[in-house]
Amino acid sequence: MPWDFAIWPALAVALACMLDRWLGEPQRHHPLVIFGAWADKIHCVRWFKRQDPLQQRLAGAAMLASAVLPWVLGAALLTQLPAIGELLSVVLLYGCIGHQSLREHVLPIASSLKAGDTKQARALASRIVSRDPEKMDPTKAAIESTLENGTDGVFAAIFWFLIAGAPGAVLYRLVNTLDAMWGYKTAELLHIGWAAARLDDLLNYVPARLTALSYALLGNTRSALRCWKTQAHLCASPNGGPVMCAGAGALQIELGGPTWYHGQCVEKPVMGEGKAPDADSILAALQLVKHTLLLWIAAAFAIGFLESGL
């Protein structure tokens, strides 16, 4: 394989990240908003809520396939077009990552906290988390969201792009979106959303652990690995736990604790170790995600050069 083709995936990732940095999240006709509207039309939960759990799970799996497969197949066809297929793969990956969007949502929270405006910080944080704003710790909310969305919004899509090209990235991004829409453990969605939630867990399994390892390498490695080992299994999320515990340990801060959702207090396990986080810790978390992104791009180029024999 010629060297230029060997390093193409890494180059595509770098170009997509540059587009994300320059253009940010599309303000109009966002592809995920369009997909969400498509999924809503397919989401016929009212037809199945009286069925038994197995039938609901089978129906949820069918809805998942119906919602996702046309878009994945479309991505596969577009990337095979002569002359423009490679360019379209970059554009598709750009649509699957949200690093700049994460920064744009989180930086104002840190700025509000530095200005002493906790009320505004809570209002801003409520846009990215589902916690009760009046009882929220906006600092912890911002950092936990930053660390976890490093995987959900950036690294998992890049991982699947490197493994399976643009169709892999699209598949991951759409399944992750459906998990956010259907994966709640409510009476209505518990079984209907089971397939989306389990497939999202499966697709995130390796990327989450690579992200946790990256956080550990770029921060306090010993603390990050210790927190990952001793705390992650206590977390509700099988993939969010390693990422947040390792990230908090890398930053030498303590996250978790009592968290309020819809009027009910959830006692989250302690994640990380060290000082209580502050506004500067939010900036440090954003830097950790940024440095991890640079590490992944560098690693992708290194693998490409090795495959090319150079």
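Structure's up top.
Residues numbered from 1 in each chain as written. Predicted model: local features only at pLDDT ≥ 70, side-chain atom pairs only at ≥ 80, totals over all residues. Heavy atoms only, no water.

Chemist: What exactly am I supposed to notice about the overall build of the protein chain here?
Modeler: When helices and strands are tallied, the protein chain shows twelve helices and two strands. By residue count, 47% of the 310 residues in the protein chain fall in the buried class. Considering only contacts within the protein chain whose residues lie at least 6 apart along the sequence, 72% involve residues at least 24 apart. When the accessible surface of the protein chain is summed, it comes to about 15500 Å², and 63% of that surface belongs to carbon and sulfur atoms. (Helix = DSSP H or I, 4+ residues; strand = E, 2+ residues; numbered from the N terminus. Buried < 20%, exposed > 50% of the residue type's maximum accessible area, 1.4 Å probe, protein only. Contact = heavy atoms within 4.5 Å. Areas by Shrake-Rupley, 256 points an atom, 1.4 Å probe, with all protein chains shown as cover.)

Chemist: Could you clarify how one ought to interpret the environment of Ala246 in this entry?
Modeler: Here Ala246 is to be found in helix H11 (residues 240–251). Residue classification places Ala246 among the buried residues on the basis of a relative accessible area of 0%. For the pair Ala246 and Ala232, spaced 14 residues apart in sequence, the C-alpha to C-alpha distance is 8.3 Å. Discounting chain neighbours no more than four positions away, the residues touching Ala246 are Ala212, Ala224 and Trp228.

Chemist: Help me out: how do you make sense of the pairing of strand S1 (residues 254–261) in this one?
Modeler: In regular strands, side chains alternate between the two faces of the sheet. Pairing analysis gives seven bridges linking S1 to strand S2 (residues 264–272), with the strands arranged antiparallel. Residue Glu254 lies in a different strand from S2, and its bridge partner there is Gly272. The loop that links S1 with its antiparallel partner S2 comprises two residues; one of these, His262, has a positive phi angle of about 50 degrees. (Pairing = 2+ DSSP bridges.)

Chemist: For this particular structure, what's the right way to read unusual backbone geometry?
Modeler: What you tend to see is this: most non-glycine residues have negative phi, and most peptide bonds are trans. If you check the backbone angles, Ala83 has positive phi at about 75 degrees while not being a glycine. Along the chain, Ala83 turns up in the loop between helix H4 (53–78) and helix H5 (85–96). For Ala83, a relative accessible area of 79% corresponds to the exposed category. Despite not being glycine, Gln252 shows a phi value in the positive range, around 60 degrees. Along the polypeptide, Gln252 turns up in the loop between H11 and S1.

Chemist: Where do I start with helix H2 (residues 8–23) in this structure?
Modeler: Think of an α-helix as turning once every 3.6 residues; residues three or four places apart then point the same way. With 16 residues, H2 should reach 22 Å at 1.5 Å per residue; the first-to-last C-alpha distance of 22 Å fits that figure. Among the residues making up H2, those that are buried are Ala10, Ala12, Val13, Ala14, Ala16, Cys17 and Asp20. The first or second residue beyond H2 is Gly24, which carries a positive phi of 65 degrees. (Expected span 1.5 Å × (residues − 1).)

Chemist: Sorry if this is basic, but what is going on with the pattern of salt bridges here?
Modeler: Any two side chains of opposite charge can pair, given that their charged atoms come close. Under the counting rule described, the total for this entry stands at five salt bridges. Among the salt bridges present, the one from Arg226 reaches Glu273, with a minimum N-O distance of 2.5 Å. Here the residue Arg226 occupies a position in helix H10 (residues 221–231), and Glu273 occupies one in the loop between S2 and helix H12 (279–308), the gap between them amounting to 47 residues. The exposure class assigned to Arg226 is partly exposed, which follows from its relative accessible area of 38%. A single salt-bridge network, built from bridges that share partners, covers Arg131, Glu144 and Lys268. (Salt bridge = Lys/Arg side-chain N within 4 Å of Asp/Glu carboxyl O.)

Chemist: In this structure, what is going on with the environment of Ala142? I would like to understand it.
Modeler: Assignment of secondary structure puts Ala142 in helix H8 (residues 138–182). A C-alpha to C-alpha distance of 8.3 Å links Ala142 and Val129, two positions 13 residues apart in sequence. Beyond its immediate sequence surroundings of up to four residues, Ala142 is in contact with Val106, Ile109 and Ile282.

Chemist: Looking at this structure, how should I read the packing of aromatic side chains?
Modeler: The description of an aromatic ring pair rests on the distance of the ring centres and on the angle between the ring planes. With the rule as written, the count across this model stands at two aromatic pairs. Ring geometry for Phe155 against Trp296: centres 5.0 Å apart, planes inclined by 40 degrees, an arrangement best described as tilted. Residue Phe155 is found in helix H8, and its partner Trp296 is found in helix H12; the two are separated by 141 residues along the sequence. With relative accessibility at 0%, the residue Phe155 sits in the buried group. Geometrically, the ring pair formed by Phe159 and Trp160 is edge-to-face, given 5.1 Å between the ring centres and 90 degrees between the ring planes. We classify Phe159 as buried; its relative accessible area is 15%. (Phe/Tyr/Trp six-rings, centres within 6.5 Å; stacked < 30°, edge-to-face > 60°.)

Chemist: What is the right way to look at the nonpolar core in this model?
Modeler: Most often, soluble globular proteins have nonpolar side chains that are buried together. Counting residues in hydrophobic clusters, the biggest one holds 73 residues, and the most contacted among them are Val68, Ile109, Leu147, Ile158 and Ile282. Apart from the residues lying within four places of it in its own chain, the contact partners of Val68 are Phe35, Leu171, Leu174, Val175 and Leu178. (Core = buried A, V, L, I, M, F, W, Y, C linked by side-chain atoms within 4.5 Å.)

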